[in-house]
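Each chain, letter by letter, is given below.
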Amino acid sequence: MTTTLLETTLSVDTSLSAEVFAPAIKTVGVHSLSRPSLSYWQDAWLRLGKNRQAITSLVIIALLAFFTLAGPLLWRVDPAAQDLSQISQGPGFGTSAVVVSDTEVFNPTFAKELPQGTVSSAMALDSPQGLTTVSAPSTVAVQLKWDPVSGATGYVIYRKDIKPKRASDIGLPLAEIKDPKQLSYQDQLTLEAKPYYYTLMATLNGEESGNMTQLEVTPTQALKLADALKVSSSAQVGQKIGLPAHPFGTDYLGRDLLARLMAGARVSLFIGFVAPMIYIALGLLIGGISGYYGGRVDLAIMRITDLVIALPFLLFMILFRIAFGVGPGESGVFPLLVALISLSWTSASRLTRGQVLQLRESEYVHAAKLLGAKPLYVLIRHLIPNTMGVILVSLTFAIPSTIFTEAFLSFIGMGVVPPTPSWGSLCNDGIQTFLSHPHEFLFPAFFISVTVLAFNLLGDGLRDALDPRLRSTE
Amino acid sequence: MLKYAIKHILAGIVTVFFIATTTFVAMHAVPGDPITGAKAMTPEIRKNLEEKYGLNKPLHVQYAVYMGNMLRGDFGISFTQHNRSVNDIIKSHFPISAILGVLAVMVAALGGILWGSLTAIYRNRLPDKVLMVLVIFGVSVPSFVFAALSQLALTELNKRFGLTLLPVAGWGEPLHAVLPALTLGIGTMAFLTRLMRSSMLEVVNADYIRTARAKGVPPIKIFFSHQLRNAILPLITVLGPAIAAITTGGFVVESVFAIPGLGRYFVQAVQQLDYTVIMGLTVFYGAYLVFMVISVDILYGFIDPRIKVGKSAA
């Protein structure tokens, strides 16, 4: 029991012979890899491929890229061309219109004699009889005529665009005729090929009688000759010609919405891609310097970063956008980019600084240094590739949030300037007529939402694939 | 604890000062000046106006005057609205925005906690999957789209039933606030739901939960006094930025719903380039948001025991 552990160990040593130290026989192939080795990016790509949501988003983004880049080559319609004969058309293919003469002047019919008789009050006036349309009602003009009411000093016409529920539901006043002899009226106020409900009442010295006559009129789609000649050079009066198709409809100035959405996509996606790339690159640079140098430089940069982060983002976006100003003929994209970049670099800079600080002290960097790696090699081989994953993920999330910001600002009129379309400004145009023509708002809103959705899902997928440590708990 | 609060308040004062200065610099970088192009005017009128607004003085004097006025809480007089001071605008329209904001924050926070807890409890089951799809939509669809869509849907419903179930726009009665508060809160709610879900999932399988279960604590009590209490903490840290998002989101929602709040006024002022109102409201909003963020930070210090423990070290 007196032998200690040390003694036992020593006693074993004595039994060692030289053969024990002979090199082992190499067994080739036992530990060879059964599968090809994967690099970090190959592994990430494989993992992303397994994520169905991320792949769907990638497909959507590819389609969007096609829509934006190849779309205008396939759909050659000028997004700025106005067609006032086709205002706020709903989505659809190939409508046709009857060509009507534009030289024809409407001569109001005047009664030669008025029926004799006087009435004591407006209430006693009869309801007008014989309210009909003169010629075929078209979207160029609806012409109405009626029989005189005895004792009337004039007439009022109301028009309602949707089917009235009650008899008293007569819509908005269209015209007041002060000449009792004028027994007709021509309506040319933004007509569309849908039913209209006209109401006619006689008046006595400007006071309306309650007795009314109503007429439902559905104008046919028509086009003035001058406008028709722009579409087809052989157009003649009375001919039916096909109108240019607007698959997504037109806006309040008759501009083709599909062409505008494509042009808007260029602006929105340009801002959405370029701004994040620049400000993340800037953040990478600033954060890298801050993390690499440390000390006072780091402290100063971090204080500035803190202050910029503390600024309320959208408020200062608006303020900077005003401060940079938009000159005549400019699109407003550049000031928006500058404002976005000057306010958004901070998060990337903090992220990079943290990464650099963390990686600089990590074991594999120490190991690389210990094995004699030069600083440049460490930077290129270890630091940059290992930050790229996190940076790429933050880029993927920065794109939708920038598209979101652009849409928000353009929606309140603080983004791109009117002739330039962007999805946000299209939404702003569309919301004005939203309740009557929802398509003008819904299409751009749909594109914004789908784009942001796709990038968010892709970002989630990339984060899971690139950085298992940041993986959301699922 | 006091030190912690003072530190945050000082940082807040520096930030507000920085906001005011940046606003001043930004507004003076605007090409032209507020008087140019207002109306046809003779040089005499221009000179008088410059004198009235102090625009003929050197920039540093203007800055000193501006800062002095800000310190006294005087934001100046509107350029476009006749004889109306910015303070007056704030006084009469901010309460409306504040009510709407508080309601939206409540919708967002309560909704986020509720849905987040639900998804965590039903993890990977049907309710979780359905809710997480909705959350992705909530995060991706801009608030003005929600606002417009809900307006359209409600108009159709009102038409169908032939009576006003809920007013579509306007302000004044409690019912007016329902739709705007929901649409304003929905984006933040989706964001908070996500956060709540992951923070709840971290807590659900913690050792102390297992201990509580082993002791035989009823599941309801485990949920309320152990899981919820611990999972809510990370939510409070993002409440500051969430309030900021809801406040600025109010600009759009107030415009869509025709609510006479401060946000709508701000958007109008921006569109009309009403310089004093823009400057005044930016500084006011900035100070308000900084105040909210600091309040949340200090509140967090009171709630989170870990910060109290660390106070001697701080």
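Definitions and cut-offs
Residues numbered from 1 in each chain as written. Chains lettered and ligands numbered in written order. Predicted model: local features only at pLDDT ≥ 70, side-chain atom pairs only at ≥ 80, totals over all residues. Heavy atoms only, no water. Helix = DSSP H or I, 4+ residues; strand = E, 2+ residues; numbered from the N terminus. Buried < 20%, exposed > 50% of the residue type's maximum accessible area, 1.4 Å probe, protein only. Contact = heavy atoms within 4.5 Å. Areas by Shrake-Rupley, 256 points an atom, 1.4 Å probe, with all protein chains shown as cover. Lys, Arg positive; Asp, Glu negative; His and termini not counted. Charge placed at Lys NZ, Arg CZ, Asp CG, Glu CD. Pairing = 2+ DSSP bridges. Domains from an automatic or database assignment. Buried area = accessible area lost by both parts, 1.4 Å probe. Salt bridge = Lys/Arg side-chain N within 4 Å of Asp/Glu carboxyl O. Polar contact = N/O pair within 3.5 Å; in protein donor to acceptor, adjacent residues only side chain to side chain. Nonpolar A, V, L, I, M, F, W, Y, C, P; charged D, E, K, R; others polar. Axes fitted to C-alpha atoms, helices over the stretch in contact; angles between N-to-C directions. pLDDT = per-residue confidence, 0-100. Left-handed = near helix turned anticlockwise from the far one by under 90°. Expected span 1.5 Å × (residues − 1). Arc of directions from axis to C-beta.

Now for the overall build of chain A. Scanning chain A for helices and strands turns up 13 helices and ten strands. In chain A, which comprises 474 residues, the proportion classed as buried is 45%. Within chain A, contacts between residues at least 6 apart in sequence are counted, and of these 73% link residues at least 24 apart.

Before going further, it helps to examine the overall build of chain B. Helix and strand counts for chain B come out as 13 helices and zero strands. Tracing chain B from N to C terminus, the helices and strands come up as α-α-α-α-α-α-α-α-α-α-α-α-α. Overall, chain B is about 85 × 65 × 30 Å in size when its C-alpha atoms are taken along their principal axes. Within chain B, counting contacts between residues at least 6 apart in sequence, those at least 24 apart form 71% of the total. Surface summary for chain B: the accessible area is close to 16200 Å², and the carbon and sulfur share equals 68%. Side chains of chain B give 26 positive and 15 negative charges; the mean places of these two sets differ by 13 Å.

A word on the pairing of strand E7 (residues 196–204) of chain A. All names here are of chain A. Here E7 lies mainly inside the structure; nine of its nine residues are buried. Where burial is concerned, the two faces of E7 agree: the one with Tyr196, Tyr198, Leu200, Ala202 and Leu204 and the one with Tyr197, Thr199, Met201 and Thr203 are both buried. Pairing analysis gives seven bridges linking strand E4 (residues 154–160) to E7, with the strands arranged antiparallel. Counterpart to Lys160 in the pairing with E7 is Tyr197. Alignment of E7 against strand E8 (residues 207–217), held across eight bridges, turns out to be antiparallel.

Residue and element names in this part refer to chain B. When cut into domains, chain B gives domain 1 (2–89 + 273–313) and domain 2 (93–246). Here domain 1 and domain 2 have C-alpha centroids that lie 33 Å from each other. Of the roughly 1100 Å² buried at the junction of domain 1 and domain 2 (both faces included), carbon and sulfur atoms supply 80%. Here domain 1 is connected to domain 2 by zero salt bridges. If you look at where domain 1 meets domain 2, you find two residue pairs in polar contact (both at pLDDT 80 or more). The element best represented in the side of domain 1 that touches domain 2 is helix H12 (residues 275–303), accounting for ten residues. When its residues are assigned to classes, the side of domain 1 that touches domain 2 shows eleven nonpolar, no polar and three charged.

All names here are of chain B. Of note, Asn124 is a non-glycine position whose phi angle comes to about 65°, a positive value. Judged by its relative accessible area of 45%, Asn124 falls in the partly exposed class. The backbone of Ala258 shows a phi angle near 55°, a positive value even though the residue is not glycine. Within the element layout of this structure, Ala258 appears in the loop between helix H10 (239–256) and helix H11 (262–272). In this structure Ala258 comes out as partly exposed when scored by relative accessible area, which is 36%.

The next thing to look at is the sheet that holds strand E3 (residues 142–145) of chain A. Residues and elements named next belong to chain A. In spatial order, the strands read E2-E3-E6; together these three strands make up an open sheet with antiparallel pairing. Only two strands of the sheet have a single neighbouring strand rather than two, namely strand E2 (132–133) and strand E6 (184–187). Both E3 and E6 contribute to a ladder of four bridges, which runs antiparallel. Note that in E6 the partner of Gln143 across the bridge is Gln186.

We now examine the pattern of salt bridges. Under the counting rule described, the total for this entry stands at eight salt bridges over all chains. Of the charged contacts in the structure, one is a salt bridge between Arg353 of chain A and Asp298 of chain A, with a shortest N-O distance of 2.6 Å. Here Arg353 of chain A, found in helix H9 (residues 333–360), pairs with Asp298 of chain A, found in helix H7 (residues 295–310); they are 55 residues apart in sequence, far enough to count as distant. The exposure classification of Arg353 of chain A matches that of Asp298 of chain A, with both residues buried. Across the salt bridge formed by Arg84 of chain B and Asp88 of chain B, the nearest N and O atoms sit 3.1 Å from each other.

Moving on, we come to the interface of chain A and chain B. Every contact between the two is made by 38 residues of chain A and, on the other side, 44 residues of chain B. Between chain A and chain B the total buried area reaches about 3500 Å² when both faces are included, carbon and sulfur atoms providing 81% of it. Counting across the interface, chain A meets chain B through one salt bridge. Here Arg194 of chain B makes a salt bridge to Asp460 of chain A, at a shortest N to O gap of 2.6 Å. Looking at the side of chain A that touches chain B element by element, the count peaks at ten residues for helix H13 (residues 439–466) of chain A. Along the lines of polarity and charge, the residues of the side of chain A that touches chain B split into 30 nonpolar, five polar and three charged.

As for its position among the elements, Pro419 of chain A is in the loop between helix H11 (375–411) and helix H12 (423–432). Linking Pro419 of chain A and Ile391 of chain A, residues 28 residues apart in sequence, is a C-alpha distance of 35 Å.

A few words on the sheet that holds strand E5 (residues 172–177) of chain A. Residue and element names in this part refer to chain A. Strand order across the open sheet formed by four strands is E5-E4-E7-E8, with antiparallel pairing between neighbours. Lying at the two open borders of the sheet, with one neighbouring strand each, are E5 and E8. Here the average twist between neighbouring strands, direction ignored, is 25°.

The next subject is the confidence of the model for chain B. All names here are of chain B. Taken over all residues, the pLDDT of chain B has a mean of 81, while the share at 70 or more is 92%. Every residue in residues 309–314 scores below 50 in pLDDT, and together they form two contacts with partners more than four places removed in sequence or on other chains. In the model output, the complex is listed with pTM 0.76 alongside ipTM 0.82.

Moving on: the packing of helix H4 (residues 86–121) of chain B against helix H9 (residues 219–237) of chain B. A pair of packed helices can be characterised by two numbers: the angle between their axes and the separation between those axes. All names here are of chain B. Relative orientation of the contacting elements H4 and H9 amounts to 115°, with a least axis distance of 12 Å. The handedness of the crossing between H4 and H9 comes out as right-handed. Each of Ile113, Ser117 and Ile121 in H4 lies in contact with H9, whose residues at this interface are Phe223, Leu228, Ile232 and Leu235. Here the contact of H4 with H9 is composed, by residue class, of six nonpolar, one polar and no charged.

The next thing to look at is H7 of chain A. Residues and elements named next belong to chain A. Given a rise of 1.5 Å per residue, 16 residues ought to cover 22 Å, and the 23 Å separating the end C-alpha atoms of H7 matches this to within 8%. Of all the positions in H7, only Asp298, Ile301, Met302, Thr305 and Val308 are classed as buried. In an axial view of H7, the angular spread of the buried residues amounts to 120°, which keeps them on one side of the axis. Turned more than 90 degrees away from the buried face of H7, the exposed residues are Arg296 and Leu299. On its buried side, H7 packs onto helix H6 (257–293) and H9.

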